[in-house]
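# Tertiary structure, described
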Amino acid sequence: MSGDEAGWPRFPDVSGAFTEEVTGARPVWQVREDDDPATILADHGISGDWLKAVGFRGKARRAALVPNADGSLAGAVLGTGDGQAGDPCGPSELLIGLLPKTLPDGDYRLATADGEAAENAAIAWGLGSYRFRRYRGNGEDYGPRLVLPEDTNKARIKAIVEGIWFGRNLINTPASDMGPDDLEAAARMLAERHGAWLKVTTGDDLLAQNLPMIHAVGRAAAQAPRLIDLTWQPQATTQLKTVTLVGKGICFDTGGLDIKPPNAMLLMKKDMGGAASALALAHMIMALELPIALRVLVPAAENSVAGNAFRPGDVLTSRLGKTVEVGNTDAEGRLVLADALALGDETGPDLMISLATLTGAARVALGPDLPAFFTDDDDFAAAVARRGLTVGDPVWRLPLWRGYNAKLDSEVADMNNVSDGPFAGAITAALFLKRFVTKTRRYAHVDLYGWRAAARPLGPKGGEPHAARLLLATLSDEVLS
Ligand code: BES
Ligand code: MN
Ligand code: ZN
């Protein structure tokens, strides 16, 4: 294990982005295009002439600093356009995430948001404050700080921002410092923090414990493949909903013997993005002590090339007993997930969700910002779709179209791990996974990018544990209502 750059790995400290001290904090006003900024500022004894002079009219994403009469800094205005953020799709207060990178250092407070809007705004501020500082700039100088707004759930704001920063750090850390050993260490750090129980099955023990496909995919790498199994439940045991998260933890995906070309391999440190999302969500659930009996399964492995690598044409026997012909070693994610899903299914949880950077096809269909979401449960799909827009972490549903099951037929085994043609790649991958879930009441699968392709209001370019905030909101609705 490496990675002792100034104390890494470590759990993120978000306290540099927030403050509780209201005195001296400068107001941030959100201004819509149909608002008159002059009247808003007049309420604070400031002339609106300045904003006219600098051409500020409330256009979305435009910000301006506002001076006092003596030339000192009074505060800042942020344009929110028509009241919809547009990007991310959701309420306009999410645009506050733009400010930490544009405002001068100092303390700020929300002047025009309260209740749920203030909570959204504070979360957005925290997400927009993130920087990946493992390899440069280790000082804790986070820049401007936001006063945590009154009458909001401050613990929730903190837990969500911490979870996302944690997940981003995992994804952004290159495979040289985020191999299966390191991913296990990160899960262990999280487990210790929350008093969760961690069991890890490593290397040849995977064969003894009947997790053969995780072993096959990861056995060629220098760090042994493993299954990380975290379980937790809150202290006060009442009615608990059983939820199992399964996150794809491919620490680097070369493609295996069906090796990827350079461009397709370049970003493959992020192929543990599903595991990062699952762990980020797990942090939020545990920090907030949701009434959930939680299990997180992370098959962690590197899809590598060596003489003992699994090969195209090999036939693997899965945990469930079904045999799988390897049509392509680059379709490794579904293999490791299949064994983990089969294990998770054995206890028949109320809900099981797989999260994975599973297919390029999902990205062709929906682009980098919109994960594909699969479930046969229409009510759950509707709840998830609605929440995606309220928290600015959307997904889009694709069908588990049974008619495409035949694409996975094999001539020598129970199934092939890839389809025989180029069409519907995200759907066939999801159908493959579904075959290993038989007892679980509700199953959902998220095919995510795990990466923000460009800087946005809610974060810089780089690792992004997609769907973690969305699923926290959806699960909270279910178990707290
Ligand atoms: N990790 C990749 C999928 C991926 C690629 C996600 C790029 C996000 C961006 C996965 O293991 C993979 O290689 N999938 C193949 C499947 C194919 C061989 C059926 C793909 O999508 O090309
Ligand atoms: Mn692959
Ligand atoms: Zn992969």
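Residues numbered from 1 in each chain as written. Chains lettered and ligands numbered in written order. Predicted model: local features only at pLDDT ≥ 70, side-chain atom pairs only at ≥ 80, totals over all residues. Heavy atoms only, no water.

## Overview of the overall build of the protein
In terms of helices and strands, the protein carries 14 helices and 20 strands. Taken against the 2.2 N^0.38 rule, which gives 23 Å for 481 residues, the C-alpha radius of gyration of the protein at 23 Å falls within 12% of a compact globule. Dimensions of the protein, computed from C-alpha atoms along their principal axes, come out at roughly 80 × 50 × 45 Å. The burial tally for the protein puts 59% of its 481 residues in the buried class. Of all intrachain contacts in the protein linking residues separated by at least 6 positions in sequence, the fraction that spans at least 24 positions is 76%. Summed over its atoms, the accessible surface of the protein is roughly 18800 Å², and 50% of this surface lies on carbon and sulfur atoms. Distance between charge centroids for the protein: 2 Å, based on 49 positive and 60 negative side chains. (Helix = DSSP H or I, 4+ residues; strand = E, 2+ residues; numbered from the N terminus. Rg over C-alpha atoms; globule rule 2.2 N^0.38 Å. Buried < 20%, exposed > 50% of the residue type's maximum accessible area, 1.4 Å probe, protein only. Contact = heavy atoms within 4.5 Å. Areas by Shrake-Rupley, 256 points an atom, 1.4 Å probe, with all protein chains shown as cover. Lys, Arg positive; Asp, Glu negative; His and termini not counted. Charge placed at Lys NZ, Arg CZ, Asp CG, Glu CD.)

## Quick word on the coordination of the zinc ion (ligand 3)
Looking at the zinc ion (ligand 3), the protein donor atoms are Lys248 (NZ), Asp253 (OD), Asp271 (OD) and Glu332 (OE), and they sit 2.0 to 2.5 Å from it. One can describe the site at the zinc ion (ligand 3) as octahedral: its six donor atoms subtend angles covering 78 to 175° at the metal. One chain supplies every donor to the zinc ion (ligand 3), and in sequence these donors are spaced K-x4-D-x17-D-x60-E. The two metals, the zinc ion (ligand 3) and the manganese ion (ligand 2), are separated by 3.1 Å and share aspartate 253 as a common coordinating residue. Remark: aspartate 271 occurs in the loop between helix H8 (262–265) and helix H9 (273–287) and lysine 248 occurs in the loop between strand E9 (241–247) and strand E10 (249–253); sequence separation between them is 23 residues. Neither residue differs from the other here; lysine 248 and aspartate 271 are each classed as buried. (Donors = N, O, S within 2.8 Å, 3.2 Å for Na, K, Ca; no water. Tetrahedral: all angles 85-135°; square planar, octahedral: opposite > 155°, others 65-115°.)

## Describing the environment of aspartate 181
Position of aspartate 181 among the secondary structure elements: in helix H5 (residues 180–194). Its relative accessible area of 23% is what places aspartate 181 among the partly exposed residues. Once the C-alpha coordinates of aspartate 181 and glycine 106 are considered, the two residues, 75 residues apart in sequence, prove to be 40 Å apart.

## Digging into the coordination of the manganese ion (ligand 2)
With distances of 2.1 to 2.2 Å, the protein atoms coordinating the manganese ion (ligand 2) are Asp253 (OD), Asp330 (O), Asp330 (OD) and Glu332 (OE). Here the manganese ion (ligand 2) binds six donor atoms, and the angle range of 72 to 171° at the metal identifies the geometry as irregular. One chain supplies every donor to the manganese ion (ligand 2), and in sequence these donors are spaced D-x76-D-x1-E. A relative accessible area of 23% means that aspartate 330 is categorised as partly exposed. Taking relative accessible area as the criterion, glutamate 332 reaches 0% and is therefore assigned buried.

## Quick word on the side chain of histidine 283
If you trace the backbone, histidine 283 turns up in helix H9. Not counting the four nearest positions on each side in its chain, histidine 283 is found in contact with Phe11, Ala159, Glu162, Gly163, Leu190, Arg193 and His194.

## Regarding the pattern of salt bridges
Applying the stated criterion across every chain yields a total of 31 salt bridges. Measuring nitrogen to oxygen at the nearest pair gives 2.7 Å for the salt bridge that ties aspartate 181 to arginine 226. Of this pair, aspartate 181 sits in helix H5 while arginine 226 sits in strand E8 (residues 226–232), placing them 45 residues apart in sequence. Residue classification places arginine 226 among the buried residues on the basis of a relative accessible area of 4%. One salt bridge connects lysine 248 with aspartate 271, and the closest N-O pair in it is separated by 3.2 Å. (Salt bridge = Lys/Arg side-chain N within 4 Å of Asp/Glu carboxyl O.)

## Quick look at the packing of aromatic side chains
Counted according to the given criterion, the structure contains seven aromatic pairs. Each ring, one from phenylalanine 373 and one from phenylalanine 380, has its centre 6.1 Å from the other, and the planes form 50°; the classification is tilted. Taking relative accessible area as the criterion, phenylalanine 373 reaches 2% and is therefore assigned buried. Judged by its relative accessible area of 1%, phenylalanine 380 falls in the buried class. Measuring from centroid to centroid gives 5.4 Å for phenylalanine 432 and phenylalanine 436, while their planes differ by 45°, and the two rings are tilted. Residue classification places phenylalanine 436 among the buried residues on the basis of a relative accessible area of 0%. Over the face of the ring belonging to phenylalanine 11 we find arginine 193, whose NZ or CZ atom lies 3.9 Å from the ring centre. (Phe/Tyr/Trp six-rings, centres within 6.5 Å; stacked < 30°, edge-to-face > 60°. Lys NZ or Arg CZ within 6 Å of the ring centre and 35° of its normal.)

## Some thoughts on the sheet that holds strand E13 (residues 323–325)
One open sheet holds the three strands; their spatial order is E12-E13-E17, and the pairing between them is mixed. What marks the edges here is a single partner per strand, and that holds for strand E12 (315–317) and strand E17 (415–416). Pairing analysis gives three bridges linking E12 to E13, with the strands arranged antiparallel. Residue pairing across strands places leucine 316 opposite valine 324, the latter belonging to E13. (Pairing = 2+ DSSP bridges.)

## Topic: the domain arrangement of the protein
Parsing the protein into structural domains produces domain 1 (14–152) and domain 2 (157–480). A separation of 35 Å is found between the C-alpha centroids of domain 1 and domain 2. Between domain 1 and domain 2, the residue contacts involve 30 residues of the former and 24 residues of the latter. Of the roughly 2300 Å² buried between domain 1 and domain 2, counting both surfaces, carbon and sulfur atoms make up 71%. Our count for the contact surface shared by domain 1 and domain 2 stands at two salt bridges. A salt bridge links aspartate 177 to arginine 134, with the nearest nitrogen and oxygen atoms 3.9 Å apart. Seen at the junction of domain 1 and domain 2, the total is six residue pairs in polar contact (both at pLDDT 80 or more). Looking at the side of domain 1 that touches domain 2 element by element, the count peaks at eight residues for helix H3 (residues 115–128). Residue composition of the side of domain 1 that touches domain 2, grouped by class: 18 nonpolar, seven polar and five charged. (Domains from an automatic or database assignment. Buried area = accessible area lost by both parts, 1.4 Å probe. Polar contact = N/O pair within 3.5 Å; in protein donor to acceptor, adjacent residues only side chain to side chain. Nonpolar A, V, L, I, M, F, W, Y, C, P; charged D, E, K, R; others polar.)

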